[in-house]
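# Overview (structure and organization)
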2 protein chains.
Amino acid sequence: MFNKQRLLTPGPTPLPESVRLALARDMIHHRKSDFENIMFSVQDRLHELFGTSSPVLPLACSGTGAMTAAVYSLFRPGETVLVVNAGKFGERWGEIARSRGLKVVILDVEWGQAVEPQKIADMLAARPDISAVLLQLCETSTGVLQPVREIAAIVAKTDALLVVDGISAVGISPCPMDEWKIDCLLTGSQKGLMLPPGLALIALSPRAWQKAESMSPGCFYFNLPRERDSLKKGQTLFTTPVNLIFGLQASLDILLEKGLRDVYAKQWAMTMLVRAGARAIGLEMLAKNDYSWGVTAISLPEGIDGGKLLQVAREKYGVCMAGGQDRLKGKIVRIGHMGWVDWSDCLAALYAIDRSLQLVGGYSAARDYLETAMAAYNLALAGQPGVLPDSAQVRS
Amino acid sequence: MFNKQRLLTPGPTPLPESVRLALARDMIHHRKSDFENIMFSVQDRLHELFGTSSPVLPLACSGTGAMTAAVYSLFRPGETVLVVNAGKFGERWGEIARSRGLKVVILDVEWGQAVEPQKIADMLAARPDISAVLLQLCETSTGVLQPVREIAAIVAKTDALLVVDGISAVGISPCPMDEWKIDCLLTGSQKGLMLPPGLALIALSPRAWQKAESMSPGCFYFNLPRERDSLKKGQTLFTTPVNLIFGLQASLDILLEKGLRDVYAKQWAMTMLVRAGARAIGLEMLAKNDYSWGVTAISLPEGIDGGKLLQVAREKYGVCMAGGQDRLKGKIVRIGHMGWVDWSDCLAALYAIDRSLQLVGGYSAARDYLETAMAAYNLALAGQPGVLPDSAQVRS
């Protein structure tokens, strides 16, 4: 009863009040002009969010549904794709591609590391049969931000398409689709967009549209060309998740009010806060470089049971964070600092981690780590907002 | 400003206040025990709603997603299925089946009529290669309720599976899956369940599960065996539409508080209300017999522009109803009296129709039709609730 519950998982994230009120709106019919007008106004702003002039299609599904839509709409069975496997969601690209009957070339990357763009260039040069590169912008399972800008510059020089899972990244760190030359960008509602899960967004480049139109999609439910035709009328092909569109209106109001640059600056500053605070506690990050602006994976000391630590953090301090998945299970704690999360929530997470380490592992209390964290946050905010991690000097 | 807006479309339906407040709840994490406990409690009650002891799987998609999940999980390319085509959603079964590479035998039924069960028996006898019968319980486009009970008794004697789209029927009229021997029953959230769209539910019989387990599903996103494994842990395979599950809790509270029998009795009585009122206005129903308990399609007199009538009803009287689809476009008006709709909403719809006929078609005002409608409602409520239309004597 002394604690509020704080959600700091890498999705779903807490919801702003205006979004919650929008979700509670009474229903209207999705095939009438009132709703179509909402769809048009949302569409205008989604172009800004995605950095594209292509239509941004809303789909009634989770993020994995949008990944399925991409693979089943863009590739025919028998085609070869290159999948960057740097974590659990890279693995998922491979699973989806195989389920579509694609030949999958895996580029394995150590979990916690980013892929080297040159390796992709080499593989594309060696294997001209590869018709696409599939990867994550943010690999949610490791907290790594992939160098998509550099990779896109490489892939754009070839005939291959670049398909980017932006689920934990869109609205969190920059990913201007058209400027970077991404062929397919998708996201889910429960991350940077601060909505409940259940809505996905996907956009294709002109050359990806050309490919999608040349074939019949592999799954009836995911028909992107017909979705695009519906969107021209302010509709979706099948029944629209109406109240998530209401919520999306409200969430775009927040994200675009001051502009995305400020959103990214806040995300970057929270990333600095969490990293500085965790280091001051004496912990190391899983991602040494190229780290996500929305989720930080912290390696736990040998002998600490990650599951137990998360349980103590939740039950004693009301802070809900995520653990590791698959081979990282029990070994890391992931703080989601995306969506409707601010500096104070991050401090709560750091405090809960420090206290739980004492209770679970017998560690002594860290000192000054909360102040150190806030100093890093303030320094980041005062610095260059919106710059990419590679050029940020506030890392250490 | 004089009118409240009333939504009487056959989905989405208005939302009860408790559902709206549930939808507005702040987010919790879907992989934690708090949420898993909610999923377990919801599951117990879904067994009652579906009349089955099989798991009722929640999917993050529209109703068409669940139809896709059924076809892609139960059939291999090359199999033959029998599709009852009695309206737009029967057509959709055919489209989905063809997209999966199935051979589709169409049993065409005049739009507005129910299928004759004997015809299905004959076709199954003549074509032993047919591995399933696919149909709607309620064909939303025509307001017809198919005789699924009789059909199920026929199909159960064969090796074929019976796949029933219950989207506009579950929670509206009886469909006890196990008792009737239905092999696959599915629904969407925005109809009898009084929720926003975006959640679908699907259940399989033991013999359908056996089939599903013998094959690999045709679409990565719709993997029913893996969904079932997740549900055992109180989870969904991919990210759960958390706030629709909150809403589902609230809606099942309403539906099951007094028992489904009372819900069906109310639905039946509203059906009688609408039919009696429309007849008293001088209109005929599209479905002469075997009519849905949740949507009534009313044929418009020659020369009346259905689109214009609906527009007047909405703009002048605040009543939003649906028109005809495809070959019925402009020719019918469909009153959705399902979900969070009561007798007074139905009166508003009848009044709006009568007034709009005067304004659009120059008809003179009907007399006593509202009282006639209410008398039919009260008679139905006082009669045998929950009986099937065939045995109801209050039809005329």
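These numbers come from a predicted model, not from an experiment.

## Let's talk about the pairing of strand β3 (residues 80-85) of chain A
Residue and element names in this part refer to chain A.
- Counting buried residues along β3, six of its six residues qualify, which places the element largely inside the surrounding structure.
- Relative to strand β4 (residues 103-108), β3 runs parallel, the two being bridged by six bridges. Bridge pairing links Val 81 to Val 104 in β4.
- Here four bridges tie β3 to strand β5 (residues 130-136), and the two strands are oriented parallel to one another. Directly across from Val 83, in β5, lies its bridge partner Leu 134.

## Quick word on the packing of helix α8 (residues 206-213) of chain A against helix α9 (residues 224-232) of chain A
- Where α8 of chain A meets α9 of chain A, the closest approach of the two axes is 9 Å, and the angle between their N-to-C directions is 115°. Of the residues in α9 of chain A, those touching α8 of chain A at Trp 209, Ala 212 and Glu 213 of chain A are Leu 224, Pro 225 and Arg 228 of chain A.

## Things to note about the pattern of salt bridges
All names here are of chain B.
- For the structure on display, the rule yields 26 salt bridges over all chains.
- Arg 45 is the salt-bridge partner of Asp 253, the closest N and O atoms lying 2.6 Å from each other. One end of the pair, Asp 253, is in helix α10 (residues 242-257); the other, Arg 45, is in helix α2 (residues 33-50), and 208 residues separate them in sequence.
- In this structure, Asp 183 and Arg 207 form a salt bridge, with 3.0 Å as the shortest nitrogen-oxygen distance. On the criterion of sequence distance, the pair formed by Asp 183 in the loop between α7 (177-180) and β9 (184-188) and Arg 207 in helix α8 (residues 206-213) is long-range, its members being 24 residues apart.

## Some details on the interface of chain A and chain B
- Between chain A and chain B, the contact holds 49 residues from the first and 49 residues from the second.
- Taking both partners together, chain A and chain B bury about 3,800 Å²; carbon and sulfur atoms supply 63% of that area.
- Close ionic contact of Asp 26 of chain B with Arg 20 of chain A constitutes a salt bridge, the shortest N to O distance being 4.0 Å.
- In this structure, the connection of chain A to chain B is made through 11 residue pairs in polar contact (both at pLDDT 80 or more).
- When residues of the side of chain A that touches chain B are traced back to their parent elements, those giving at least two are α1 (17-23), α2 (33-50), α3 (63-74), α4 (88-99) and α10 (242-257) of chain A.

## Let's talk about unusual backbone geometry
All names here are of chain A.
- The peptide bond linking Gly 11 to Pro 12 adopts the cis configuration, its omega dihedral lying at -5°.
- On the secondary structure map, Pro 12 appears in the loop between β1 (6-7) and α1.
- Unusually for a residue other than glycine, Lys 181 sits at a positive phi of about 70°.
- With respect to the helices and strands, the residue Lys 181 is situated in the loop between α7 (177-180) and β9 (184-188).
- For Lys 181, a relative accessible area of 53% corresponds to the exposed category.

## Structural notes on the relation of the copies chain A and chain B
- For the pair chain A and chain B, the superposition axis carries a translation of 0.0 Å, the fit reaches an RMSD of 0.0 Å, and the rotation angle comes to 180°. Here the transformation between the copies is reduced to the relation of a two-fold axis.
- Most of the interface of chain A is mirrored in chain B, where 100% of its interface residues again form contacts.

## Notes on the side chain of Lys 191 of chain B
Residues and elements named next belong to chain B.
- Relative to the helices and strands, Lys 191 resides in the loop between β9 and β10 (200-204).
- It is Asp 165 that comes nearest to the buried, bridge-free Lys 191 among opposite-charge side chains, at 7.9 Å.
- Side-chain polar atoms of Lys 191 contact the side chain of Ser 168, separated by 3.2 Å.
- If sequence neighbours within four positions are ignored, Lys 191 has contacts with Pro 10, Gly 11, Thr 13, Thr 140, Ile 167, Ser 168, Ile 172, Met 338 and Gly 339.

## Some words on the confidence of the model for chain A
Residue and element names in this part refer to chain A.
- In the predicted model, chain A carries a mean pLDDT of 95, and the fraction of residues at 70 or more is 96%.
- Every residue in residues 385-396 scores below 50 in pLDDT, and together they form 28 contacts with partners more than four places removed in sequence or on other chains.
- For this predicted complex, the interface score ipTM comes out at 0.94, alongside a pTM of 0.95.

## Regarding the sheet that holds β3 of chain A
All names here are of chain A.
- An order of β2-β10-β9-β8-β5-β3-β4 is seen for the seven strands of this open sheet, with the pairing classed as mixed. Two strands lie at the open edges of the sheet, namely β2 (56-59) and β4, each paired on one side alone. Along the sheet, successive strands turn relative to each other by an average axial angle of 20°, direction set aside.
- In this sheet, β9 lies alongside strand β8 (residues 161-165) in parallel orientation, the contact comprising three bridges.

## A look at the packing of helix α13 (residues 343-361) of chain A against helix α14 (residues 369-382) of chain A
All names here are of chain A.
- Where α13 meets α14, the closest approach of the two axes is 10 Å, and the angle between their N-to-C directions is 150°. Between α13 and α14, the interaxial angle falls into the category roughly antiparallel. For the element pair α13 and α14, the recorded crossing hand is right-handed. Between α13 and α14, the contacting residues are Trp 343, Leu 347, Leu 350, Tyr 351 and Asp 354 on the first element and Tyr 369, Leu 370, Ala 373, Met 374 and Tyr 377 on the second.

## Details of helix α6 (residues 148-155) of chain B
- Of the residues making up α6 of chain B, those classed as buried are Val 148, Ile 151, Ala 152 and Val 155 of chain B. The arc that holds every buried residue of α6 of chain B, seen down its axis, measures 100°, which confines them to one face.

## Some points on the sheet that holds strand β11 (residues 284-285) of chain A
- On the basis of which strands lie adjacent, the open sheet formed by four strands has the order β11-β12-β15-β14 (chain A) and antiparallel pairing. Of all strands in the sheet, those with a lone pairing partner are β11 and β14 (322-323) of chain A, marking the two edges.

## Some remarks on α2 of chain B
Residues and elements named next belong to chain B.
- The first and last C-alpha atoms of α2 sit 25 Å apart over 18 residues, in line with the 26 Å expected at 1.5 Å per residue.
- Taken together, the buried positions of α2 are Phe 35, Glu 36, Ile 38, Met 39, Val 42, Gln 43, Leu 46, Leu 49 and Phe 50.
- Following α2 by one or two positions, Gly 51 has its phi on the positive side, about 60°.

## Re the side chain of Thr 187 of chain B
- Along the polypeptide, Thr 187 of chain B turns up in strand β9.
- Among the polar contacts made by the side chain of Thr 187 of chain B, one reaches the main-chain carbonyl oxygen of Gly 166 of chain B at a distance of 3.2 Å.

## Let's talk about the environment of Leu 134 of chain B
Residues and elements named next belong to chain B.
- Relative to the helices and strands, Leu 134 is located in strand β5 (residues 130-136).
- Residue classification places Leu 134 among the buried positions, given a relative accessible area of 0%.
- Those residues in contact with Leu 134, other than ones at most four positions away along the chain, are Val 71, Phe 75, Val 81, Leu 82, Val 83, Val 84, Trp 93 and Val 163.

Definitions and limits used
- Residues numbered from 1 in each chain as written.
- Chains lettered and ligands numbered in written order.
- Predicted model: local features only at pLDDT ≥ 70, side-chain atom pairs only at ≥ 80, totals over all residues.
- Heavy atoms only, no water.
- Buried < 20%, exposed > 50% of the residue type's maximum accessible area, 1.4 Å probe, protein only.
- Helix = DSSP H or I, 4+ residues; strand = E, 2+ residues; numbered from the N terminus.
- Pairing = 2+ DSSP bridges.
- Axes fitted to C-alpha atoms, helices over the stretch in contact; angles between N-to-C directions.
- Contact = heavy atoms within 4.5 Å.
- Salt bridge = Lys/Arg side-chain N within 4 Å of Asp/Glu carboxyl O.
- Buried area = accessible area lost by both parts, 1.4 Å probe.
- Polar contact = N/O pair within 3.5 Å; in protein donor to acceptor, adjacent residues only side chain to side chain.
- Least-squares fit on C-alpha atoms with pLDDT ≥ 70 in both.
- Lys, Arg positive; Asp, Glu negative; His and termini not counted.
- pLDDT = per-residue confidence, 0-100.
- Parallel < 35°, antiparallel > 145°, perpendicular 65-115°, else oblique.
- Left-handed = near helix turned anticlockwise from the far one by under 90°.
- Arc of directions from axis to C-beta.
- Expected span 1.5 Å × (residues − 1).

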